[in-house]
Amino acid sequence: MDSELVFILTYIALPLVFTLGFPVFSWAIGRWYQSRLMNVLNVQEKQQSAAIGGQLTGSTSNKMTSLTAQSSVLLHTSIVVGPSMGQMFFMWIKSIFGGQLHSYDIVTQYGRREVVRRLQEQATQLGCSSIVNLRIETSTISFAKNQDSKTSSLEFLAYATGIRN
């Protein structure tokens, strides 16, 4: 009985723990760090909204006939974000079986919200009273010359027109 237990521990349990230990640890640290970043972003968005007195970014889906502006300026900013190694491992596993990739959604949501916040901050610094024609472009960046790379990140580029009245 003891030899079977030693065999199971040595050849099955220990390799399994070492194989899954790093991805689980990396996933947990990545989730903790991303939740910390999202909390900071929530606070920054609330402070920025209170400082500018409401909504700075508007929609131009309807035809604008009475827009008066003293001047306009091009606003642009970018950010690169990515999931942790553990999150990428579990996203790979989940992509085999299908379903929503929650870690990828968190990274995408954070990137988009952060570039909009930075764009609004830039507009406030330049004295803009509103932002129109906001565009966000997302690109996947791979860290290898071939397509077999399993590590990647997302680049978010936001640009808009800032209106000064």
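Up top is the structure.
Residue positions within a chain follow its written sequence, with the count starting from 1. In keeping with the model being predicted, local features are shown solely for residues with a pLDDT of at least 70 and side-chain atom pairs are shown and tallied solely at 80 or more, while totals for entire chains, interfaces and linings include all residues. Processing note: side-chain calculations cover all non-hydrogen atoms of the structure and skip hydrogens and water entirely.

Asks: Summarise unusual backbone geometry; cite the residues concerned and give the values.
Replies: Residues other than glycine seldom take positive phi values, yet Asn-133 does so here, at roughly 55°. Going along the chain from the N terminus, every DSSP run of H or I of four or more residues is numbered as a helix, and every run of E of two or more is numbered as a strand. Within the secondary structure, Asn-133 is located in strand S2 (residues 130-142). Burial here depends on accessible area, computed with a 1.4 Å probe over protein chains only, as a share of the maximum for the residue type. Under 20% is buried, over 50% is exposed, and the range in between is partly exposed. Asn-133 sits in the partly exposed class, given a relative accessible area of 36%.

Asks: I'd like a rundown of the pattern of salt bridges, residues and numbers included.
Replies: The term salt bridge refers to a side-chain nitrogen of Lys or Arg lying within 4 Å of a carboxyl oxygen of Asp or Glu. Applying the stated criterion to the full structure yields four salt bridges. The partner of Glu-114 in a salt bridge is Arg-118, and the shortest N-O contact between them spans 2.8 Å. Here Arg-118 and Glu-114 lie together in helix H3 (residues 102-125), a separation of four residues that amounts to about one turn. With relative accessibility at 4%, the residue Glu-114 sits in the buried group. With a relative accessible area of 33%, Arg-118 lands in the partly exposed category. Taking the shortest distance from any N to any O, the salt bridge between Glu-121 and Arg-117 comes out at 2.8 Å. A residue pair is termed a helical-turn pair when its members lie 3 or 4 positions apart in one helix, as Glu-121 and Arg-117 do in helix H3 at four residues. Since its relative accessible area comes to 9%, Arg-117 is described here as buried. Members of the salt-bridge network, linked through shared partners, are Glu-114, Arg-117, Arg-118 and Glu-121.

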